[in-house]
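# Survey of secondary and tertiary structure
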Amino acid sequence: MAIQITVNDLSDGEIAKLLQAHLQAMHQYSPADSIHALDTTKLSDPAITFWGASVNGELAGCGALKALPNNEGEVKSMKTDDRFLRQGIAHQLLSVIIDEAKRRGYCRLNLETGTHAAFEPAVAMYEKHGFVASEPFGDYQADPFSRFYSKALL
């Protein structure tokens, strides 16, 4: 299976659809004020770069890198379409995001994810890529429905 990963300008609306479905699904696991997935109004933030992963021309997943103060970045909007789960899409997207953060000279890469068992596959992937549990970063606050990870890049 050939996976093509490219920067995506969001103009075709496919990533927005995938992330909207993801945002709706998060309500199964967390109360609304504990959901930090980007809604469609925040997708065009110039501090965020999106990548789309395609297989045979179909969107298989997405991920994003958000620039943060203090020469840090945040992994955002990691989502694999259900049809492509467990096929390495997210691993490849995360590798691209980590490489771009290094290229930009970021000293640290951070992320927030959920605490429900449904997030365990994502957590295992993040840990495999060298992320370790950390304290809340940026504007995040400690929350029983969130856990935080970081990876030193320098």
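Below you will find a few notes about this structure. It should be emphasised that the depicted structure is a prediction, and the values quoted were computed from it without experimental measurement.

## Some remarks on the sheet that holds strand β5 (residues 108–114)
The strands making up a sheet associate through backbone hydrogen bonding, with each pair oriented either parallel or antiparallel. Across the sheet, seven strands lie side by side as β1-β2-β3-β4-β5-β7-β6; this open sheet has mixed pairing. Of all the strands in the sheet, just β1 (3–8) and β6 (132–134) have a single pairing partner and so form its edges. Going from strand to strand, the sheet's axes swing by 30 degrees on average, the running direction of each strand aside. Relative to β5, strand β4 (residues 72–80) runs parallel, the two being bridged by three bridges. Its bridge partner lying in β5, E72 is registered against R108. Helix α2 (residues 89–103) rests against β1, β2 (48–55), β3 (58–68), β4, β5 and β7 (146–152) of the sheet, and its axis sits at about 30 degrees to β3. Sheet strands in contact with helix α3 (residues 120–128) are β4, β5 and β7, and its direction is about 15 degrees off that of β7.

## Brief notes about the packing of α2 against α3
Each pair of packed helices can be described by the angle between their axes along with the distance between the axes. Running from amino to carboxyl end, α2 crosses α3 at an angle of 45 degrees, the nearest separation of the two axes being 11 Å. Classed by the angle they form, the pair α2 and α3 counts as oblique. Relative to α3, α2 is oriented so that their crossing is right-handed. Touching A90, H91 and L94 of α2 are M125, Y126 and K128, all from α3.

## Remarks on the packing of aromatic side chains
Taken as a whole, this structure holds four aromatic pairs when the rule is applied. One aromatic cluster is present, built from ring pairs that chain together F137, Y140 and F148.

## Observations concerning the nonpolar core
Ranked by internal contacts, the top residues of the largest apolar core, which has 25 residues, are V75, M78, I89, L94, L109 and F131. Put simply, the parts of the chain that give this core at least two residues each are β2, β3, β4, α2, β5 and α3. In terms of residue count, the dominant contributor to this core is α2 (seven residues). Leaving out residues up to four positions away in the same chain, M78 has contacts with C62, G63, A90, L93, L94, I97, M125 and Y126. The next biggest cluster of nonpolar side chains, apart from the first, holds ten residues, and it includes L10, I15, L43 and A64.

## Points about the pattern of salt bridges
A side chain with one charge can pair with a side chain of the opposite charge if their charged atoms come near. Taken as a whole and judged by the stated rule, the model has eight salt bridges. As a salt-bridge pair, D82 and K79 come within 3.8 Å of each other at their nearest N and O atoms. Using a relative accessible area of 56% as the deciding quantity, one classes D82 as exposed. Salt bridges here are not isolated pairs; linked through shared partners, they connect E58, D81 and R83.

## Topic: the environment of F50
Structurally, F50 is set in strand β2. On a C-alpha basis, the gap between F50 and A124 in space is 22 Å, while along the polypeptide they are 74 residues apart.

## Some words on α2
Counted at 1.5 Å a residue, the expected span for α2 with its 15 residues is 21 Å, and the 21 Å between its end C-alpha atoms agrees. Just beyond α2, the residue with positive phi is G105, at close to 85 degrees.

Reading guide: rules and limits
- Residues numbered from 1 in each chain as written.
- Predicted model: local features only at pLDDT ≥ 70, side-chain atom pairs only at ≥ 80, totals over all residues.
- Heavy atoms only, no water.
- Pairing = 2+ DSSP bridges.
- Helix = DSSP H or I, 4+ residues; strand = E, 2+ residues; numbered from the N terminus.
- Axes fitted to C-alpha atoms, helices over the stretch in contact; angles between N-to-C directions.
- Contact = heavy atoms within 4.5 Å.
- Parallel < 35°, antiparallel > 145°, perpendicular 65-115°, else oblique.
- Left-handed = near helix turned anticlockwise from the far one by under 90°.
- Phe/Tyr/Trp six-rings, centres within 6.5 Å; stacked < 30°, edge-to-face > 60°.
- Core = buried A, V, L, I, M, F, W, Y, C linked by side-chain atoms within 4.5 Å.
- Buried < 20%, exposed > 50% of the residue type's maximum accessible area, 1.4 Å probe, protein only.
- Salt bridge = Lys/Arg side-chain N within 4 Å of Asp/Glu carboxyl O.
- Expected span 1.5 Å × (residues − 1).

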